[in-house]
Amino acid sequence: MNILFAASEAVPFAASGGLADVIGSLPHALVEKGHDCRIVMPYYKSIKTAHPELCERLTQVTHFTVDVSWRKQYCGIYTAVWNGVTYYLLDNEYYFKRDGLYGFYDDCERFVFFSRAVLEMLRCIDFKPDIINENDWQTALIPVFYQVFYKYQQGFQNIKHVFTIHNIQYQGNYGREVLNEVMGIPLYHMGILEYDGAINMMKGAIETADKITTVSPSYAWEILDPWYSHGLDRILVNKQYKLSGILNGIDTELYNPETDDLIAKKFSAKHPSGKNACKEALLAELALQEGDEPVIGIVTRFVSHKGIDLIRYVFEDIVNMGFKFAILGSGERIYEDFFSEMQSRYPDQVSVTLGFQPDLARKIYAGSDMFLMPSQSEPCGLAQMIAMRYGTIPIVRETGGLRDSVKDDGNHDGNGFTFKTYNAHDMLDAVKRAKATYDNTKEWKALRKRALKSDFSWSASADSYLALYQELCKQ
Ligand code: GLC
C-alpha cells in the first residue's frame, strides 16, 4: 500500500511535541512491514538553522504554484530519505522562514497553503498514495480540499483519508471570512467547515475524512463527552461510526536502556542493577541528597491539563513523606514560579530545571523510581511509556492513553499506579500506595520487571493502522 503522512512536524526535522515523535516513528514501522509510507511536512527555517547536516541530504525535486484563494504562491519540493522513510519538505520562505513553528497571526493561511500544496504536490512526484493520513488541525483542510476540488480529477480518484486527532484542544478556529478569502472555498460549501458560527478546520476534517482516529482507544470515547471535547462532541457523536482509537507506540530503539549511551549505566529487565547507578548519577547531577528515598520524575509542559494543579496542591505532603523530585519542563509562569519556590525551600529534595532538554529528560526517565503524570486529559502520552521502558513506575490518572497503557498494581500484576477522579487526594493516595510497594523491596523489583517488560513498540499499533487502511481500500 502507498501511504502518505501529512503533518506539521516530524522527528528528526522539526519537533515541538509528541506529534513529531509519532510521525517520526509510525511510518518507519509501516515501511518495515513492507509498505511504501512517506511523510510530507513544511520546510521551516529552523530546519536550516538547527539541522544543517539534515539539509545537506535534501535534494530539490521541482517547484510549482499553489492557489491560496486569489493568491498564487511558490512551493518547492525537497526530499530526503531518513531511517528508510522518504520525507518531502515543502518550501515557501514567506510562510515558513520564521522563528518557531506556530503562533503567527496568519497561521490559518500558512496551513491552508500547506494543505493545498500537499495535494498539488501529487501532480509532480512519482508517488500516488492510496491513503493520506492527516494529523491535527494544521492538515485538516486536506480532506476538505480533496472533497471540494480534487476528488474527480484525473490522478486523484480513490484516495482515502484518515484524519488523526492527537489533541482536540487545537482546532483551527477562525472567522467565517477565511472560507473564501483564505481557503478559496465557495460559500455554498460553508456547511462543511462552519461550527458554532465560525470556521473550524478540525470540524471540516471530521466531516470529510473517511476515518477519524485518535491516539488511544480511551480518548476516542472520551471526546464524545463535553468534558474532553473542547466543543466538538456534537459533531463527533454524529460521526461516531467512523471514529476509532489506536494507541501510539514509542521508538524502542531510541529509548533503550540496554544501548543508551546517555545514561550512567546500561540495564535491562534481566539485569536491572544498572538502574541504581543511574539514580545515583541523577542525584549527583541535580545536587540532590544521596540516599534510598524514592525519586519521582516529572517531565512535562507546565500547563493545567497536565494536572500540575493536583501536584501543586499536595506537593509538600509528598516532600514531607521523604520523596525527592527531579522536575524538567517549562510553561505557564505560575507553575514555573511554584516549582522554583519549592526548589529553594527544599534544595536537598527538589530539583527543577526549566526548559526543554532531551538529554536530561532521558536521565530522569532512567534514574527516577517513579514518574508522575496526573493529566486532566491525555490523548495518548508518550512519557509514561518511555518511563516504563526505563523501569520507572508511572503514577497516572486513568484518562486517555494513560488509562490504556498503565495497569494499576493493586493485585500485584500491574505496571504502575493509577487513580480515577481528578482530585489531588486521590492522586496522593496513589503516591502512598506506590511508596508502600517501594518499601517492600521484593514486590518493587517484581513490579519494576513487569514495567521493563511492557511492550510499547509500534509493531502492534502499526498493524491496527494497516487493518484500517486495508478496510478503506476495499471500499
Ligand atoms: C499530543 C497529545 C499526546 C500524544 C501526542 C502524540 O501531543 O497531547 O497525548 O501522546 O500528541 O500523539
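Just so you know, these numbers come straight off a predicted model, no measurement behind them. (Residues numbered from 1 in each chain as written. Predicted model: local features only at pLDDT ≥ 70, side-chain atom pairs only at ≥ 80, totals over all residues. Heavy atoms only, no water.)

Peer 1: Please clarify how the domain arrangement of the protein should be interpreted in this entry.
Peer 2: Interfaces are frequently sized by the accessible area removed from exposure as the parts join. Considered domain by domain, the protein is made up of domain 1 (2–249 + 459–473) and domain 2 (274–454). Just the C-alpha atoms count here: the centres of domain 1 and domain 2 sit 33 Å apart. Taken together, the 18 residues of domain 1 in the interface contact 17 residues of domain 2. Summed over both partners, the interface of domain 1 with domain 2 buries about 1200 Å², with 59% contributed by carbon and sulfur atoms. Per-residue buried area on domain 1 facing domain 2 is highest for Ser218, Trp227 and Leu247; these three make up 30% of the total on that side. Across the domain 1-domain 2 interface, the total number found is nine residue pairs in polar contact (both at pLDDT 80 or more). At the level of elements, α1 (18–32), α10 (217–222) and α11 (226–229) are the ones that each hand at least two residues to the side of domain 1 that touches domain 2. Class assignment for the residues of the side of domain 1 that touches domain 2 results in eight nonpolar, eight polar and two charged. (Domains from an automatic or database assignment. Contact = heavy atoms within 4.5 Å. Buried area = accessible area lost by both parts, 1.4 Å probe. Polar contact = N/O pair within 3.5 Å; in protein donor to acceptor, adjacent residues only side chain to side chain. Helix = DSSP H or I, 4+ residues; strand = E, 2+ residues; numbered from the N terminus. Nonpolar A, V, L, I, M, F, W, Y, C, P; charged D, E, K, R; others polar.)

Peer 1: Sorry, what's going on with the nonpolar core here?
Peer 2: Counting 101 residues, the largest nonpolar core has Met121 and Met183 as the members making the most contacts within it. Ranked by residue count, the leading element in this core is helix α5 (residues 107–121), at nine residues. Excluding residues within four positions of it along the chain, Met121 makes contact with Leu4, Val40, Phe64, Ile77, Tyr88 and Leu90. (Core = buried A, V, L, I, M, F, W, Y, C linked by side-chain atoms within 4.5 Å. Buried < 20%, exposed > 50% of the residue type's maximum accessible area, 1.4 Å probe, protein only.)

Peer 1: I would appreciate a short explanation of the pairing of strand β14 (residues 324–331) in the present structure.
Peer 2: Two faces belong to every sheet, and in a regular strand the side chains alternate between them. Among the eight residues in β14, six count as buried, and that is most of the element. Summarising the sheet, strand β13 (residues 295–302) and β14 pair through eight bridges and their orientation is parallel. Bridging from a neighbouring strand, Thr300 pairs with Gly329 of β14. In this fold, β13 hands off to helix α14 (residues 308–320), which returns the chain to β14; that crossover is right-handed. As judged from the five bridges shared by β14 and strand β15 (residues 350–354), these two strands associate in the parallel manner. Looking at the pairing, Phe325 lines up with Val350 of β15. Once you follow β14 into helix α15 (residues 333–345) and on to β15, the crossover reads as right-handed. (Pairing = 2+ DSSP bridges. Right-handed = clockwise from strand over helix to strand, strands pointing away.)

Peer 1: Help me understand the site of the ligand, please; the structure alone is not making it clear to me.
Peer 2: The environment of the ligand is formed by Gly18, Leu19, Val22, His166, Asn167, Val215, Asn248, Glu378, Pro379, Cys380, Gly381 and Leu382. In this structure, His166 approaches the ligand through a side-chain N or O atom, which is 2.7 Å from an oxygen atom. One of the backbone N or O atoms of Gly381 is found 2.8 Å from an oxygen atom in the ligand. Here the ligand, which alone exposes 310 Å², has 90% of that area covered by the protein. Grouping the amino acids of the shell around the ligand by side-chain chemistry returns six nonpolar, five polar and one charged. Each of domain 1 (2–249 + 459–473) and domain 2 (274–454) accounts for three or more of the residues forming the shell around the ligand. (Near = heavy atom within 4 Å. Areas by Shrake-Rupley, 256 points an atom, 1.4 Å probe, with all protein chains shown as cover.)

Peer 1: Help me out: how do you make sense of the sheet that holds strand β9 (residues 194–195) in this one?
Peer 2: In sheet architecture, strand pairing relies on hydrogen bonds along the backbone and comes in two forms, parallel and antiparallel. Pairing within the open sheet is antiparallel, and its three strands lie in the order β8-β10-β9. Each having just a single partner strand, β8 (173–174) and β9 make up the two edges of the open sheet. Pairing of β8 with strand β10 (residues 198–200), which is carried by two bridges, proceeds in the antiparallel orientation. Counted as the bridge partner of Tyr174 is Ile199 from β10. Sheet strands in contact with helix α9 (residues 201–208) are β8, β9 and β10, and its direction is about 60 degrees off that of β10. (Axes fitted to C-alpha atoms, helices over the stretch in contact; angles between N-to-C directions.)

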